[in-house]
Amino acid sequence: MTDAVGILYETPAPQVARIVLNRPESRNAQDTSLLYALNDAFDQAARDGDVKVIILAAAGPHFSSGHDLREGGTIAEQMAPFDPVGTWCGFGCAGAEGRMAREKEIYLGLSERWRNIPKPTIAQVQGKCIAGGLMLAWPCDLIVAADDAAFCDNTVGMGVAGVEYFAHPWEMGPRKAKELLFTADWLGAEEARALGMVNQVVPAAQLSEYTLALASRIAAKPMFALRMAKEAVNAAEDAQGRVGAMQTAFALHQLAHSHNMQVHGMPVDPGGLQVRRKT
C-alpha cells in the first residue's frame, strides 16, 4: 500500500489494484493535488502488467462531495506545481481563456482519460456522490453502489449547465438527465440501478467485499479480451455522438462561467453556492 496526496494505492487481491480517495475529513472533495495524485495512481495501475482490474473506492462515509471550492489562489497558481497530461496550456491567461484551459485539463481531460484506460475499472460508491464526484464514478466501466449511495448534480442551481464531463444522457437517458439537472434532486442507489447507471446495489457493510469479489471474477478473464470488449462498448457510445455532445456541453459550461463573471463577479451564481454549502 502506498500513500500519495489524498490517495491510497492498494493491491487487495491478485491482479486487482484498489485506488482509495483518502480525504474523508472533506468528504473527498477534489482539489488540484488530489486529481493529479489520482491520475498518477490510475497510470500506475494501467502500466502494471500484474494488474487486470482497477477499483476506485473512497474512505469515510461519502464517496465525494465534488470540487473543493475552498482551494485558493489564481488559476495559474493552482496549476503551477503540476505538469499537464493533456496538450492544453495557457493557465495564466486572462478571462475565460485561463479557466477553460484549466477545466479542459483537470476535469474533462482527466475524466475522459480515465474512461479510456485499457483495463476494466469499477467505482465503489457509498454515501453522497455530488457533481464533481460523478466525474470520478462515471468514467469507470462498472459502478457498485452501497444501498445508502445517492447521486446529485446541483450545478444548474449555481448557474452552470451541468458538470464538465457531461455524460448524463448516456448514464441515465435524456429525460432523467434533464430531471436530475433541472431539480438537483437526489438519485438513490436503487433508482440509479433501474436506470442502468449503477450495476449492483449491496448493503453498505458488504460494499468492499462484494466489489473486490466482482473484480476478482473479472480478473480471471484474458486481459486482451477484456481490453477489446471495453474498446468495443466505448466505441459504440462514441458512435452515438457522445464525444461531440460532450464538447458542446463543455463549451456551454464555459459560457456559463463567463456569464456569471460578468453578472456576479464570480464564475458561479452565489445564490446557488449558498445552497450547496448548506447541503
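Just above, that's the structure.
Throughout this document, residue positions are counted from 1 along each chain, in the order its sequence is written. At least 70 in pLDDT is required for a residue's local features to be given in this predicted model, at least 80 for side-chain atom pairs to be given and counted, and no such filter applies to totals for whole chains, interfaces and linings, which use all residues. With hydrogens and water excluded, all non-hydrogen atoms of the structure serve as input to the side-chain values.

Chemist: Explain the pairing of strand E7 (residues 142-146) to me, using residue names and the numbers behind them.
Modeler: Using a 1.4 Å probe on the protein chains alone, a residue whose accessible area is under 20% of its type maximum counts as buried, one over 50% counts as exposed, and one in between counts as partly exposed. Put simply, DSSP H or I for four residues or longer makes a helix, DSSP E for two residues or longer makes a strand, and each gets a number counted from the N terminus. Counting buried residues in E7 gives four out of five residues, a clear majority hidden from the surface. Relative to E7, strand E5 (residues 121-125) runs parallel, the two being bridged by four bridges. Looking at E7, one finds that Val-125 is bridged to Ala-145. Inspection of the sheet shows E7 paired to strand E10 (residues 200-202) by three bridges, in the parallel sense. Bridging across to E10, Ala-145 finds its partner in Val-201. One bridge is not enough; two strands pair if DSSP finds at least two bridges between them.

Chemist: So what's going on with unusual backbone geometry? Residues and values would help.
Modeler: Within the chain, Arg-27 stands out as a residue other than glycine whose phi angle is a positive 55 degrees. With respect to the helices, strands and loops of the structure, Arg-27 is situated in the loop between strand E3 (16-21) and helix H1 (32-47). With a relative accessible area of 38%, Arg-27 lands in the partly exposed category. Positive phi outside glycine occurs at Ala-131, with the angle close to 50 degrees. Tracing the sequence through the fold places Ala-131 in the loop between strand E6 (128-130) and helix H4 (134-137).

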